[in-house]
Amino acid sequence: MNKPVLPVSSLSLKLPNADRGIETYRLAASRTFPAKLEGMLNRVAFSAAHVVSDPLADVDPWLVAAVDWDRTIAFREHVWDLGLGVAEAMDTAQRGMGLDWPTSLELIQRSVRAAKARGNALVFSGAGTDHLAPEDAKSLDDVIRAFEEQTAAVEKAGGRIILMASRALAKIGRNADDYAKVYDRVLSQVAEPVIIHWLGDMFDPALANYWGTSSLDEAMDVAVGVINANASKVDGVKVSLLDKQREIDMRRRLDRGVKMYTGDDFNYAELIAGDEQGFSHALLGIFDAIAPAASYALSRLAAGDEAGFHDVLGPTVPLSRHIFKAPTRFYKTGIVFMAYLNGHQDHFTMVGGQESTRSTLHLAELFRLADKAGLLANPELATRRMKAVLALRGIEA
């Protein structure tokens with residue numbers, strides 16, 4: 001005789017809490033989101049997708065990136081099924097934080113081929129200067145040549161470009177004129193309009209004083225000036241400053257033909273919904289972890305159901321703020337942990353060994369918040385995997 005199927009809400013496990021105690025946590029009733037896009041979207045939405053490491057590779061993880069290519073591309077297929085685009089080889093994929101340029105280029109080439117096989121699924125790929133060590137950049141021309149090399153490689157692969165912020169330019173760029181020289185030169189050569197990425201130093205400390213100044217007000221003036229002067233070469237700008245008002249202010253200053261892609265993993269729901277003066281599209285790391293919910297919420301927004309949009313996406317924001325909490329550069333650990341909990345990979349190991357960058361308490365709270373937002377696709381699997389990670393860290397079920 002088959003055992004009765006227990007309701008999902010009967011699942012429970014022991015989780016650590018902030019006072020060093022252990023509590024029994026009972027899961028909430030789960031939500032189910034479609035595995036493929038239903039309806040249409042009226043926002044362009046990219047997921048900055050992670051890479052799946054190969055846990056069986058005989059490498060030194062801190063030194064060599066070993067990628068499970070099949071699982072990595074399968075995850076992108078999952079994103080495309082949901083109607084989202086893939087922002088490839090960005091910081092979510094540990095670009096410049098474990099993933100070097102040769103491996104990034106292979107990732108881009110594989111992803112572009114996979115997208116074309118699906119009838120040109122949406123994928124833009126990061127082109128930067130990370131093969132040029134900042135200390136080796138002696139002039140602005142060195143930075144320009146590095147950008148040119150990577151943009152040419154992405155275009156040769158048949159890809160569209162996200163022009164990434166440059167650590168080398170942050171090191172030697174002194175003022176607005178320096179930044180204008182570099183961006184004007186690079187943008188003058190691209191075959192198709194690009195997305196420009198302004199990544200704040202909370203994501204990468206080496207990008208402090210980007211646009212040649214420590215003042216964010218002045219930096220925005222420089223960025224807007226460069227973008228609007230090259231509007232025909234710019235599809236949009238992704239702003240990752242975790243400051244919603246600055247994004248709104250910048251959005252209102254952009255040339256009408258230039259899109260704003262929110263990179264604000266703290267306030268994305270309200271920025272995407274927008275106001276009477278406009279809205280942001282999306283290019284977000286958190287959309288890797290919440291892709292089914294994001295897809296469904298965006299489809300509700302396109303259908304005119306703004307309440308339904310907020311009902312689905314609103315509860316994901318506390319999870320995102322937790323995953324992206326300071327030190328924000330360690331957010332990739334939470335993204336990959338969500339992929340593990342939701343069955344997109346069979347292990348919780350990362351390029352560069354970065355599964356170690358967040359505490360057991362952090363992962364426990366992530367589990368609680370993901371559950372409360374209805375983001376555990378298979379709660380029984382997620383609970384079993386959470387217990388396994390806790391046991392490894394000394395907390396038995």
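Use the structure listed above.
Notes on the structure follow. Since this is a predicted model, take the numbers as computed values, not measurements. Just so you know, the residues in each chain are numbered from 1, in the order the chain's sequence is written. Predicted model: local features are reported for residues with pLDDT of at least 70 only, side-chain atom pairs are reported and counted for 80 or more only, and whole-chain, interface and lining totals are derived from all residues. Derived side-chain values reflect all non-hydrogen atoms in the structure, with water molecules and hydrogen atoms excluded from consideration.

Here we take up helix 11 (residues 306–313). The periodicity of an α-helix, 3.6 residues per turn, causes residues three or four positions apart to be oriented the same way. Of the residues making up helix 11, those classed as buried are Gly308, Phe309, Val312 and Leu313. Buried residues of helix 11, seen end-on, are gathered within an arc of 115° and therefore sit on one face of the element. Burial status follows relative accessibility: with a 1.4 Å probe on protein chains alone, a residue under 20% of its type maximum counts as buried, one over 50% as exposed, and anything between as partly exposed. Strands here are runs of E lasting at least two residues and helices are runs of H or I lasting at least four, both read from the DSSP assignment and numbered beginning at the N terminus. To obtain the arc, one takes the directions from the helix axis to the C-beta atoms.

The next thing to look at is the packing of aromatic side chains. What describes a pair of aromatic rings is the distance from one ring centre to the other and the angle between the planes of the rings. Aromatic contacts are taken between Phe, Tyr and Trp rings whose centres are within 6.5 Å, Trp giving its six-membered ring; a plane angle under 30 degrees counts as stacked, one over 60 as edge-to-face, and the others as tilted. By the definition in use, this model includes 17 aromatic pairs. Measuring from centroid to centroid gives 6.3 Å for Tyr340 and Phe348, while their planes differ by 20°, and the two rings are stacked. The burial state of Tyr340 is the same as that of Phe348; both residues are buried. Chaining the aromatic ring pairs together yields one cluster made of Phe147, Tyr179, Tyr183, Trp198, Tyr210 and Trp211. To sit over a ring, a charge needs its Lys NZ or Arg CZ within 6 Å of the ring centre and within 35 degrees of the ring normal. Sitting over the face of the ring of Phe279, Arg43 holds its NZ or CZ atom 3.5 Å from the ring centroid.

This paragraph deals with the pairing of strand 10 (residues 281–284). Residues His281 and Leu283 of strand 10 are buried on one face, and the alternating residues Ala282 and Leu284, pointing to the opposite face, are buried as well. Two strands pair when backbone bridges link them, and strand 3 (residues 45–48) and strand 10 are joined in this way by three bridges, in the parallel orientation. For Phe46, the partnering residue across the bridge sits in strand 10 and is Leu283. When DSSP finds at least two bridges between two strands, those strands are taken to pair. Bridge analysis of strand 9 (residues 259–262) against strand 10 gives two bridges, and the strand direction is parallel. By the bridge assignment for strand 10, Thr262 is matched with Ala282. Between strand 9 and its parallel partner strand 10, the chain crosses via helix 8 (residues 268–273), and the hand of that crossover is right-handed. Convention used here: a crossover is right-handed provided that the path from the first strand, over the helix, to the second strand proceeds clockwise when the strands point away from the viewer.

Reading around the barrel, the eight strands line up as 3-4-5-6-7-8-9-10 and close back on themselves, with parallel pairing between neighbours. The sheet shows a mean angle of 25° between the axes of neighbouring strands, direction not considered. Contacts are residue-level and defined by heavy atoms, with any inter-residue pair within 4.5 Å sufficient. For every element, the axis is a line fit to its C-alpha atoms; helices are fit only across the contacting stretch, and the angle between N-to-C directions ranges from 0 to 180 degrees. Strands strand 7 (194–199), strand 8 (234–240) and strand 9 of the sheet are contacted by helix 7 (residues 244–253), whose axis makes an angle of about 165° with strand 9.

So, about unusual backbone geometry. Of note, the bond from Ala326 into Pro327 is cis; its omega dihedral lies within 30 degrees of zero at -5°. By secondary structure assignment, the location of Pro327 is in the loop between helix 12 (316–323) and helix 13 (331–341). A positive phi angle is found at Ala89, which is not glycine, with a value near 60°. You can call Ala89 buried: its relative accessible area is 0%. With a phi angle near 65°, Asn120 is a residue other than glycine that sits in the positive phi range. On the secondary structure map, Asn120 appears in the loop between helix 2 (101–117) and strand 5 (123–127). By relative accessible area, Asn120 is classed as exposed at 56%.

Bringing the side chain of Ser240 into the picture now. Mapped onto the fold, Ser240 is located in strand 8. The exposure class assigned to Ser240 is buried, which follows from its relative accessible area of 1%. What Ser240 contacts, discounting residues up to four positions off in sequence, is His197, Trp198, Leu199, Gly200, Met202, Phe203 and Gly263.

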